[in-house]
Amino acid sequence: MQYALALSDAKFDMNKMRELAANWVLMHEHPFKVVENEGFNMMQRCGMPLWEKITRTALKQDCVIVYEIQKKKLKLHKRVLNFIHIPAPRPGVEIAAAIYKCLIEWGIENKVFSISVDNASSNDTAIKILKENLGRNKKLMCGGRLFHVRCAAHILNLMVQDELSQIKPIIQDICDCILYVKQPEIRVIMFLEIVQMLPKQKPILDCKTRWNSTYEMLVLAIQYRDVFPMLVQLDNNFTCAPIDKDWEKLEKVCEILEAFNSVTNVISGSEYPTSNLFLQEIVDIKELLDEKCSDDDDFIWLMMGKMKEKFDKYWGECNFVMAIATVLDPRMKMRLLQFAYP
């Protein structure tokens, strides 16, 4: 880093000194209180009579400003080097061979840090073969412990699918309701007359391959909980409205899905580093699962029990990659690790 002089044109710039002090504290990981030490301030005043004492609170604010400035200078780079088509049924051996061939062609076979994949059995086989091939030269970090990184978003997806499977008939009822009121036009007009006092956003259908769109559909449908029974009274052909008990289940499920949706949005970001955020988000999910597993509602604790089994399967023990990324985050260091894995 390059810094401007604090003394320019015979004028002392205390603001510049505060910036330099913040960089010094960050560079050497000094505690904020170091700038309040009498000896430190005595030394500064001796060399700079116009020096003004900096409080730890002011230093903390200066460090945040330095962080924001440096953050803007960083750019997250990602590159798509190639797409490889592997004919079905795509066994793990062929996947490994295709990836290894690319690594050799690009000359980076000794520079691979890790590979992230979803949890298909063929991928597990491919990773095992690649780890053996690349490990022969002993070039893998930490003996290959960092090589296989399971996709966190995919694991969350598997857990959510377990939850949604428990209310599949109710979800189908919601979809049928939405389809019914969208066609023909007379039904649309009737529905809109009923909901004129509700939010203007109309009910939406989900995308079957994206669970978060199902969550958004259910959240919006809940806002129209009182509308569908009214439609039943006006239209004898409308018979797919969920009963009160089903609505209660939906509300409880959506409360849980809200947490999963929030975590997925954080760890799926592409404009910022995410590895240092994983553990905190996973800890939040763990706390939610532990809380709901002792819920008084049999429907909830049975459902959460299955999700907890899947969680423990993948994240029950300390994940080495998450741990390293967390420790390297100066805001966390060992504190979060000790909290997550006491």
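Residues numbered from 1 in each chain as written. Predicted model: local features only at pLDDT ≥ 70, side-chain atom pairs only at ≥ 80, totals over all residues. Heavy atoms only, no water.

(A) Structural view of the overall build of the chain. Looking only at helices and strands, the chain has 15 helices and four strands in total. A globule of 342 residues ought to have a C-alpha radius of gyration of about 20 Å, yet the chain, at 28 Å, is considerably larger. The dimensions of the chain, computed from C-alpha atoms along their principal axes, are 90 × 60 × 40 Å. Looking at the chain as a whole, 36% of its 342 residues qualify as buried. For the chain, the exposed surface amounts to about 21700 Å²; the carbon and sulfur share of it is 55%. (Helix = DSSP H or I, 4+ residues; strand = E, 2+ residues; numbered from the N terminus. Rg over C-alpha atoms; globule rule 2.2 N^0.38 Å. Buried < 20%, exposed > 50% of the residue type's maximum accessible area, 1.4 Å probe, protein only. Areas by Shrake-Rupley, 256 points an atom, 1.4 Å probe, with all protein chains shown as cover.)

(B) Structural detail: the pattern of salt bridges. In the structure shown here, the tally under the stated rule is 14 salt bridges. Note that Arg225 is salt-bridged to Asp244, the shortest N-O span being 4.0 Å. Taken together, the positions of Arg225 in the loop between α9 (211–222) and α10 (227–234) and Asp244 in helix α11 (residues 244–267) put the pair 19 residues apart, joining distant regions of the chain. A single network of salt bridges, built from pairs that share partners, joins Lys286, Asp290, Lys308 and Asp312. (Salt bridge = Lys/Arg side-chain N within 4 Å of Asp/Glu carboxyl O.)

(C) Just the layout of surface pockets, in detail. Reported here for the second largest pocket is a volume of approximately 1500 Å³. Taken together, 33 residues make up the lining of the second largest pocket; nearest its centre are Tyr67, Leu74, Asp329, Pro330 and Arg331. Listing elements by their share of the lining of the second largest pocket, those giving two or more residues are α1 (14–28), α3 (56–73) and α14 (320–328). The element that contributes the greatest number of residues to the lining of the second largest pocket is α3, accounting for seven residues. Split by residue class, the lining of the second largest pocket holds 19 nonpolar, six polar and eight charged. (1 Å grid on protein atoms, 1.4 Å probe; cavity = no way out; pocket = protein on both sides within 12 Å on 5 of 7 lines; lining within 4 Å. Points joined across faces, edges and corners; volume = space filled by probe spheres on them. Nonpolar A, V, L, I, M, F, W, Y, C, P; charged D, E, K, R; others polar.)

(D) Quick look at empty space enclosed by the protein. For the structure on display, the rule yields one cavity of 30 Å³ or more. By volume, the largest cavity is sized at about 50 Å³. Forming the walls of the largest cavity are Leu279, Ile282, Val283, Lys286, Phe311, Trp315, Ala340 and Tyr341. Element by element, the count of residues in the lining of the largest cavity is highest for helix α12 (residues 278–292), at four residues. When its residues are assigned to classes, the lining of the largest cavity shows seven nonpolar, no polar and one charged.

(E) Up close: unusual backbone geometry. Omega for the peptide link from Ala88 to Pro89 comes to 10°, which places this bond in the cis form. By the secondary structure assignment, Pro89 is in the loop between α3 and α4 (92–106). Phi at Arg90 is positive, roughly 55°, even though this residue is not glycine. Note that Arg90 resides in the loop between α3 and α4. Residue classification places Arg90 among the partly exposed residues on the basis of a relative accessible area of 40%. Notably, Cys142 is not glycine yet its phi reads approximately 55°, a positive angle. Turning to its location among the elements, Cys142 is positioned in the loop between α5 (121–135) and β4 (148–150).

(F) Representation of the packing of aromatic side chains in the model. Under the defined criterion, the tally for this structure stands at five aromatic pairs. Here a set of aromatic residues connected by ring pairs shows up, and it is made of Tyr180, Phe228, Phe238 and Trp247. One residue, Lys249, lies across the ring of Phe299, its end atom 4.9 Å from the ring centre. (Phe/Tyr/Trp six-rings, centres within 6.5 Å; stacked < 30°, edge-to-face > 60°. Lys NZ or Arg CZ within 6 Å of the ring centre and 35° of its normal.)

(G) The environment of Met307, seen in detail. Summarising the element assignment, Met307 is placed in helix α13 (residues 298–315). C-alpha separation for the pair Met307 and Ser275, spaced 32 residues apart in sequence, amounts to 23 Å. Those residues in contact with Met307 that lie beyond four places of it in its chain are Met159, Val160, Asp162, Glu163, Phe260 and Leu289. (Contact = heavy atoms within 4.5 Å.)

(H) Summary view of helix α6 (residues 152–165). Over its 14 residues, α6 extends 20 Å from the first C-alpha to the last, a length consistent with the 20 Å expected when each residue adds 1.5 Å. When we look at burial in α6, the residues that qualify are Ala152, Ile155, Leu156, Met159, Val160, Glu163 and Leu164. Next to the buried residues of α6 lie β4, α7 (168–182), α9, α11, α12 and α13. (Expected span 1.5 Å × (residues − 1).)

(I) Structural detail: the nonpolar core. Met159, Ile167, Phe260 and Trp315 are the most contacted members of the largest nonpolar core, which totals 58 residues. Of the residues forming this core, the biggest block, nine residues, is contributed by α11. Apart from the residues lying within four places of it in its own chain, the contact partners of Ile167 are Leu218, Leu250, Val253 and Phe299. Judged by nonpolar contacts, the second largest core, of 15 residues, contains Ala22, Val34, Val35 and Leu59. (Core = buried A, V, L, I, M, F, W, Y, C linked by side-chain atoms within 4.5 Å.)

(J) Up close: the packing of α7 against α9. As a packed pair, α7 and α9 sit with axes 11 Å apart at the nearest point and diverge in direction by 70°. One way to sum up the angle between α7 and α9 is to call them roughly perpendicular. As α7 packs across α9, the resulting crossing turns out to be left-handed. Touching Ile171, Ile174, Cys175 and Ile178 of α7 are Thr214, Met217, Leu218 and Ala221, all from α9. Tallied by class, the residues present in the contact of α7 with α9 amount to seven nonpolar, one polar and no charged. (Axes fitted to C-alpha atoms, helices over the stretch in contact; angles between N-to-C directions. Parallel < 35°, antiparallel > 145°, perpendicular 65-115°, else oblique. Left-handed = near helix turned anticlockwise from the far one by under 90°.)

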